[in-house]
Amino acid sequence: MPRVRTLIVGIPLVLAAVTAVALWVVLRASADKKNEMFIGSIAEPATLNPIQAADSASSSVLGVIFNGLLKYDADLHVAGDLAERWTLSQRSTFFFATPENAMQAAANMETSLLDREKLHLRQYRVENNRLVLELSLPGTADSLALAKLFGAAQPQPVATLSIVAPKELGDVLSEFSSLTPSARIVRTWAIGNLGEIVFLGDSKVVQQHLQEFLTEKFGAEGLVVESVAAPTFLAEPEVTFHLREGVQWHDGTPFTARDVKFTYDAIMDDRVASPRKSDYELVLSVETPDDHTVRVVYRRPFSPALESWMMSILPAHLLAHTPPDQWPLTFNRAPVGTGPFKFSEWKTNQFVRVVRNEDYFRGRPHLDGIVFRVLPDPLTLRLAFETRQVDFWTADPWAVGSFKMDPRFSVFTSPSNSYNYIGWNLRRPMFQDLRVRQALAHAVNVEQMIRYVLYGYGTQSTGIFTPDMWFFNPHVRPLPFNPEKARELLDEAGWNLGPDGIRVKNGERFAFTLITNNGNAVRSDIATLVQADLKAVGIEVKVEMYEWAVFLKNFITKGEFDAMVLGWALGQGFDQFQIWHSSQTGPEQLNTVGYKNAKVDRLLEAVREEFDRKKIISLCGELQQRIYDDQPYLFLFVPEGTSVMWKDAFRVRRPGPDGQWIDEPVTMTKAGWSYYLEWFYRPEYAKGAAQP
Amino acid sequence: MIINTPEPLALVPASPAGRAWRRFRDNKIGMVALGVVLLLALIGVVFFTLNHLGIPFPADPDATNLERKLLAPNAVNWLGTDNLGRDVLSRLLNGAHISLTVGFIAVFVSLFIGVTVGAVAGYFGKWVDNIIMRIVDAIMCFPTFFLILTAVALLGPSIINIVVVIGLVSWTGTARLVRAEFLTLRETSYVQATRALGQQAPRIIFRHILPNAAAPILVTAVLGVPDAILAEAGLSFLGFGVQPPQATWGNIIADGKTYILDAWWLILFPGLAILIAALSFYLAGDALRQAVETRSARQ
Amino acid sequence: MTSFIIRRLLISVLLLFIISVISFFIITLTPGSPYPWGELNPKVSPEVKRVFREKFHLDRPLTEQYTLIMRDLFSGRLRSIKDERPVLEKIGERLPATLVLNLGALALSLSFGLMLGVYGARHAGRLPDVVTSVLAFTFIALPGFWISYLMAIVLVNWAAVPILGTHTIGVDFTNGLEVFLDGWWHIMLPASILAIGGIAVQSRFIRASMIDTLREDYIRTARAKGLDENAVFYRHALRNSIRPLLTGVGMLLPTLISGSVIIESIFAYPGMGRLGYEAVLERDYPTLVALNFVTAALVLGGNLLADLLYAVVDPRVRLE
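Residues numbered from 1 in each chain as written. Chains lettered and ligands numbered in written order. Predicted model: local features only at pLDDT ≥ 70, side-chain atom pairs only at ≥ 80, totals over all residues. Heavy atoms only, no water.

A. Here's a closer look at the overall build of chain A. Secondary structure assignment for chain A yields 18 helices and 30 strands. Dimensions of chain A along its principal axes, counting C-alpha atoms only, are 110 × 80 × 55 Å. Of all 692 residues assigned to chain A, the portion counted as buried reaches 56%. Counting only contacts in chain A whose residues sit at least 6 apart along the sequence, the fraction spanning at least 24 positions is 71%. Looking at chain A as shown, the accessible area adds up to about 28,000 Å², and 52% of this sits on carbon and sulfur atoms. The distance from the centre of the 71 positive side-chain charges to the centre of the 81 negative ones in chain A is 4 Å. (Helix = DSSP H or I, 4+ residues; strand = E, 2+ residues; numbered from the N terminus. Buried < 20%, exposed > 50% of the residue type's maximum accessible area, 1.4 Å probe, protein only. Contact = heavy atoms within 4.5 Å. Areas by Shrake-Rupley, 256 points an atom, 1.4 Å probe, with all protein chains shown as cover. Lys, Arg positive; Asp, Glu negative; His and termini not counted. Charge placed at Lys NZ, Arg CZ, Asp CG, Glu CD.)

B. Main features of unusual backbone geometry. Residue and element names in this part refer to chain A. Not every positive phi belongs to a glycine, and N128 is a case in point at roughly 55 degrees. With respect to the helices and strands, the residue N128 is situated in the loop between β5 (121–127) and β6 (130–135). Looking at N128, the relative accessible area reads 60%, which means it is exposed.

C. Summary view of a negative patch on the surface. On the surface, A:E84, A:E245, A:D290 and A:D291 cluster together to form a negatively charged patch. Among the structural elements, A:E84 can be located in strand β4 (residues 83–95). (Patch = residues over 30% accessible without salt bridge, like charges linked within 9 Å, V, L, I, M, F, W, Y side chains within 5 Å. Salt bridge = Lys/Arg side-chain N within 4 Å of Asp/Glu carboxyl O.)

D. Just the interface of chain C and chain A, in detail. The interface is formed by 76 residues belonging to chain C together with 79 residues belonging to chain A. Linking chain C with chain A are 2 salt bridges. Our count for the chain C to chain A interface comes out at 10 residue pairs in polar contact (both at pLDDT 80 or more). For the side of chain C that touches chain A, the leading source of residues is helix α4 (residues 87–122) of chain C, giving 10 residues. Classifying every residue of the side of chain C that touches chain A gives 40 nonpolar, 13 polar and 23 charged. (Polar contact = N/O pair within 3.5 Å; in protein donor to acceptor, adjacent residues only side chain to side chain. Nonpolar A, V, L, I, M, F, W, Y, C, P; charged D, E, K, R; others polar.)

E. Region of interest: the pattern of salt bridges. Residue and element names in this part refer to chain A. All chains considered together, the criterion is met by 55 salt bridges over all chains. For K277, the salt bridge identified is with D270, shortest N-O distance 2.8 Å. For K277, a relative accessible area of 5% puts it in the buried group. With its nearest N and O atoms 3.3 Å apart, the salt bridge here joins E540 to R509. Within this pair, whereas E540 is found in strand β25 (residues 540–546), its partner R509 is found in strand β23 (residues 508–509), the two being separated by 31 residues in sequence. With a relative accessible area of 35%, E540 lands in the partly exposed category. One salt-bridge network, held together by shared partners, links R187, E196, E236, R299 and R300.

F. Focus on a nonpolar patch on the surface. On the surface, B:L154, B:L155, C:L29 and C:L62 cluster together to form a nonpolar patch covering roughly 330 Å² of accessible area. The topology assignment puts C:L29 in helix α1 (residues 2–29). By relative accessible area, which is 53% here, C:L29 ends up exposed.

G. Representation of the side chain of C:D284. All names here are of chain C. With respect to the helices and strands, the residue D284 is situated in the loop between α12 (272–282) and α13 (285–313). Of note is the side chain of D284, whose polar atom sits 2.6 Å from the side chain of S80. Within the structure, D284 has its side chain in polar contact with the backbone nitrogen of I81 (distance 2.9 Å). D284 has contacts with S80, I81, K82, K90 and A279, leaving out every residue within four places of it along the chain.

H. Inspection of the nonpolar core at higher detail. Membership of the largest hydrophobic core comes to 257 residues, with the highest contact counts inside it found for A:L69, A:F241, A:W309, A:F680 and C:I163. Those residues in contact with A:W309, other than ones at most four positions away along the chain, are A:G68, A:L69, A:L70, A:F241, A:V260, A:Y264, A:Y280, A:V296 and A:Y298. If you look at the next biggest cluster of nonpolar residues, it comprises 83 residues, including A:F555, A:V593, A:Y633 and A:L634. (Core = buried A, V, L, I, M, F, W, Y, C linked by side-chain atoms within 4.5 Å.)

I. Main features of the interface of chain A and chain B. Taken together, the contact between chain A and chain B spans 21 residues of the former and 20 residues of the latter. Buried area between chain A and chain B, both sides added, is near 1,900 Å², and the carbon and sulfur share of it is 62%. Among the residues chain A hides against chain B, the three largest losses belong to A:W398, A:Y452 and A:M545. Together they make up 29% of the total. Counting across the chain A and chain B interface gives 0 salt bridges. At the surface where chain A touches chain B, the tally comes to 2 residue pairs in polar contact (both at pLDDT 80 or more). Residue assignment for the side of chain A that touches chain B shows that the elements contributing at least two residues are α9 (378–386), α10 (397–405), α12 (446–453), α14 (521–535) and β25 of chain A. For the side of chain A that touches chain B, a count of residues per class yields 11 nonpolar, 3 polar and 7 charged. (Buried area = accessible area lost by both parts, 1.4 Å probe.)

J. Structural context of empty space enclosed by the protein. A complete count under the given rule lists 10 cavities of 30 Å³ or more for this structure. The volume enclosed by the largest cavity comes to roughly 160 Å³. Residue lining of the largest cavity: 17 residues in total, with A:T47, A:Q52, C:P36, C:K82 and C:E84 positioned closest to the centre. Here the residues of the lining of the largest cavity are counted per class, giving 10 nonpolar, 3 polar and 4 charged. Computed from the structure, the second largest cavity encloses a volume of approximately 120 Å³. Taken together, 17 residues line the second largest cavity, and the ones lying closest to its centre are C:K82, C:K90, C:R94, C:L275 and C:E278. When contributions to the lining of the second largest cavity are tallied by element, the ones reaching two or more residues are α4 and α12 of chain C. (1 Å grid on protein atoms, 1.4 Å probe; cavity = no way out; pocket = protein on both sides within 12 Å on 5 of 7 lines; lining within 4 Å. Points joined across faces, edges and corners; volume = space filled by probe spheres on them.)

Okay, structure coming up:
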C-alpha cells in the first residue's frame, strides 16, 4: 500500500524540508539590522514601576524611561536631573525655660560669635521661649558649637520617641498630645502606622505614659515605643529643589512639583509596599510652594537622604486616580516617564522594547530604540553576543583576556561597588578571639584567589568600602598572606596542633562549617580554596552549599552558621548602619555576624548626621579602619566588572559643555560605559543622528 | 494464554532464569552493554576504595592546583583540568560511584514503593485498587520536575535526599505495571487454588505472585537506573544536585558549563560518560527484556 | 456514559483538592521568603517587610492562607507575589507557547518515531534493525542540556543563526510567510531536542508492537492467502499497531503542558517550565499553587477526554 508508505516517509521529510527553508529565510533576514540597541539580561524585569522594582533587570530598563530629581554625573558627583538646582539648609530650635533665657542665650551667642560663615549660621531669631537658628548646612555639629556660646542660660533637652503601631496612628497620637500639657509636646508626626513624638522633659516618664495609653488603644501586640538617639534640640534639615521647566511626560503632559509630591506619597502608601519606603521615613513633610519648587523637611539630620531623590518620579496625572492595586495591570506593564526613551512593548520573558522620545528635554536621542532581551542562560547570552544579536556582554573573568586581545572588541573594565568576604559568626566562641580572626586572615591567600578565581580582575579588599567610593580610606593596609604568622597567632590563642593535624583547645577541635549559596562559581571556588588554605594551618573546614533562599532563611538571617562566604553589592552611599550597628544583630537584620563595637556604633550614628564632605571622609576613614582592625569578616576582594562591546557597533555624539557636539568612541566613565546611552549611535545610521 | 516455546521442551534448562540467561547470552549487543555496565561498576568500586584508602589515582580528584587550571587534555591530565586545576579524569573516575549509587538507590526506593503499592492495589482490587490508582493518578498529574525541585529545596541537596526524592517521584510507573501483572496473575488457577487452600494474603503475594512478576519488574529496574542518572545530571545542571566538592558526572558538567566556550573538555567528557553509562544500561535492560519475555504474552 | 462522566468528574474534583493541598503545603514549607527584593537589601526595613507580609496574607496561619489562595484563584483575583499580576494571566501567556513547542516536539517524535520504528520492524533482527535500536537508545540516553549546548554552539558559532526566543528580534519580515517560517525555525530547534527522547521511545514502541502484530494469526492467514508482503505489512499490521500508540500519547499530556525548564532556559523560550522554575526560586507561592492546579486540572480533563474519545473510536471499549 504505497499511500501509507509515502506518508510514513513523507511527513518527516516535509517537516525537515520546511525547517530547512525556514533556516534559509532566517539566515538571509538576519543580515540587516535596525537602528536599535540590543541589551541582553539573564533575568526579566519584575515590574516597570520604579518605586516597586528592586531588581537590576528592572532598573536598567527604568533608567532610560524615567528621571529622578538628582542623578550621578559621569564622575559620580551628585548632579541635577529633573531638578535644575537644589539648596540645603537646616532649622535648629533650642527650647528654654523662659523667654528671657532664650533672649539671654541669643545675646550671649551674638557677642561671642566670631565666624558665622564657618558655623554656617545664616540668621537666628527668638520666638517666645525658643531660639531658632537658620543654618546653611544641615547637621548637628554646627548647632552644638553654637549652643556652647549660649552661656549660663542652658536649653532644655529634647527627647524623641518613635512608635510603630499595629494600625493607623494619626488620630490616636493627636489625642495623646491633647491630653498632655501642650508646652511639653514639641512636635508629633504620624504616617500610616508609624509615628514620632518629640517633647521636653524626662523621656522615661513620657515613654511609660505613652506606652500605657497606646496599649489601651491597640493592645500590646505589634506595638513598639522606643526612645530615639536624636540631638537634644530640634534639628530640621531642609532640601529645596528647583525643578527644570518645560519637561514633559511621554504623553505630553507637563512635569510639575505635583508629580514629586505624588511619588513621595505613593512610596509611603502601604498599599504600594514599596521597598524604598525606609529611605523616606525621616521625611517630615514634602511641600510644593509652586509648580517648580519642592521643599522637603526632615525630622532630623540624615545625610544619606539627599541621594534618595535620585528615585524616579512617577506621573501623578496617570496614577493619582487609580488605586495602587490596579497599577500592576496597567502602568507597571506600560510605564510613562520623562526619560530619553519611551516604553513601546513588553513581550513577557522575551523582551522589552523602548523607542526614542523625540521631545526629551536634553535633546533627541540618536537611536530609534533599545531592546532589552531576556536570555536566561549565561552561555546562550554569550553566544548571542558573539553573533551580534545583543551588543553588550558582561564578560566572565576568565574570558576577558581573549576579548582584550581581539581588536574587534572594546573592553570596559571598572572596579565594582561590591566585595566578597567570609563572615565569621562572632556568636561562636571560637571566633571571638581577635587573634584567631587575624590568624585566619593571614592564613588565606587572597592574592592567589584574585589571580586564579578572578583571573587578576580584582583588588584585595581592605574593609567595608570599595576603592571607587569618594570616602574610601586608602591608608588601610590589608593583612598579608603569612601562614607562619597565622600558626603563631593560633598557638598564642591556645589552639595547639592535635594528633590528627587539626588544632585543639580545651578538647575542642578547630573544625567548622563554611556555607555559601550554590550556583555561584566564584563563591564555591573561594570556599574550596579557603578549605585548602586553612587545612595547611591545622583548621578543618567543611563546605556546604544551599539554594539561595534556603541559605538565607535557614542560616544567615537566623544567625545560625559558623562561617559563610558572601558578598555585598553596595550603592554609592556611605551609610552602613544596617550592616554594622550593634542594634542590627537580631534575626532578619543585616548585621548577620553579630558584630558589636561601641566606637563603631558611634561613628555610624555620627556619619548619618554629617553633611560636610570632608568630615564624612574622615568619619568613614576611621570607620573602615576600625572595622578592618576587628576582622569580623575576612575581607577578600573587590572584583572588577567587565563589559565587552563590538567596537564598530556604536559611537557617541553628545553635547559638550560649551554647546558644541563631541563625537567620540564609546568610553568608560566612572558611572559606567552606558552613562551617555541616549547619545549612542550606530555609525551605519550616522546620517540619522542629530547634527550640531 | 499459552506460551509458545520456540524449542523442544527437552532441550530447555530447568529454571526460567537459566533459559533467559541462554537467550541473553546470544544477544551480542546486550552482552557488550552488560560488559560496560560491569566495567563501570568495577570502576566505581575500585576508585571508591582507592580514594578511601588514601591512594588517589591517577590524581586526587579534589586537589586544587591553580597553576594548572583550565588546561586542555595533555600528557599529565589526559582529559584536561577544570577551573580549579583539578584533574578531570580523576574526577570522572571518582564520580562514577556516586552517579551509579544514585541510580541504584533511587531505583531501589522507587521499586520498593512501586511494587508494594502496585501489589496491594492489584491483589485486592475493587475499592482498594480504585483509591490507590486515583492517588497514583494524582501524583502523575504533578509536574515531576517541580516536585523534585521543591523537595530538594525543602530537604537540602545531600546525596541521600536527592536519591530518595528521585525515587519518590518515579515509582508510579512501576506501581501501574505491578498492578497490571497482579490483576492478571491473581486470576490464574494456581493463585485461585492457593487462596482456596486458605493461605494468607501476604504469603500469596510474596510467595506465589511476585516471583511470577519478577521478570518485568527486573526489566523496569534496569531501565530505571539510567533514568535516575540522567535526572541527577539535570538537577546538577540547575544547581540542585549533589554539592561540590564531591564530584559527580552531573556536577562536573554543571560546574563546567560556564566555561564551555573556553574549555570544551569540561562538558564533553562527563557528558560522554553519562551517555555511555545510560546507553549501556538501556541496551542491557532491553536485551534482558527480550530474554525474559520470549514473546509478549500479555496484551 | 453520563454516570461515568459524572463519577469521573467528581473524582477529578476530589483529586484536584488533594493536589492543591499537597502542593500548597510542600511549597510553603520550603524554606525561603517570597520577598521580591531579596533578603539582604539594606534599604528594606522590617517595617516594609511587615507591610508586604500583610499585603499577601503571609502573616496568617497556613490554613487561612490556603483558603485565601484558593478563594482568589477561583475568583480570578489571585496575584503573583513577584509582579502582582493575576497568575491566570501569567499562565495564559505561557501556556500557548509551551503547547506549540510541545506539539511541535510531539509531531516530530511521532513522525520520526513511526518512520524509524516501521523501518526497524520491517528489517527485524537484521542489521538495519540493530542500528536503529542502538540509535534509539543513544537518543534516550543523551542528557538534554548537554546536546542542547553542543547544538547551540555548533549552530551559532558556525552558522551564526539566531536560535533564541520565539522569533528573530530586530528584523522586519516582508510577508506573513516569512514570519511563519521564522517562528517555525525558532520552534523546531528546541522541539527537536525535546523530541529526541520521544522519537526513540516511539520508535521502540512501534517496532515492538509491529513485531507482535506480525505474529498474530490473522497476519499468517493474510500471508497464506498470498497477499503481497508489503500489503500485509502496511495495511494489516501497521494499522493495528498504531492504535496503542494513540493511548500512549494520552500519557504524554502532563509533559505537553508542563514544559521543560532546561530547554526553555537554554533557548530563551517563554514557556511554562521557566515560569514554574522561577516561581520556585522566588518562592512565589500563588503562582506555584495556581500553576500546579491548572496543570493538574488540564491533565485530568485531558485524560477524561482521551478515555471518552477512545470509547468513541473503539466500540469494544465500554465505559463502566
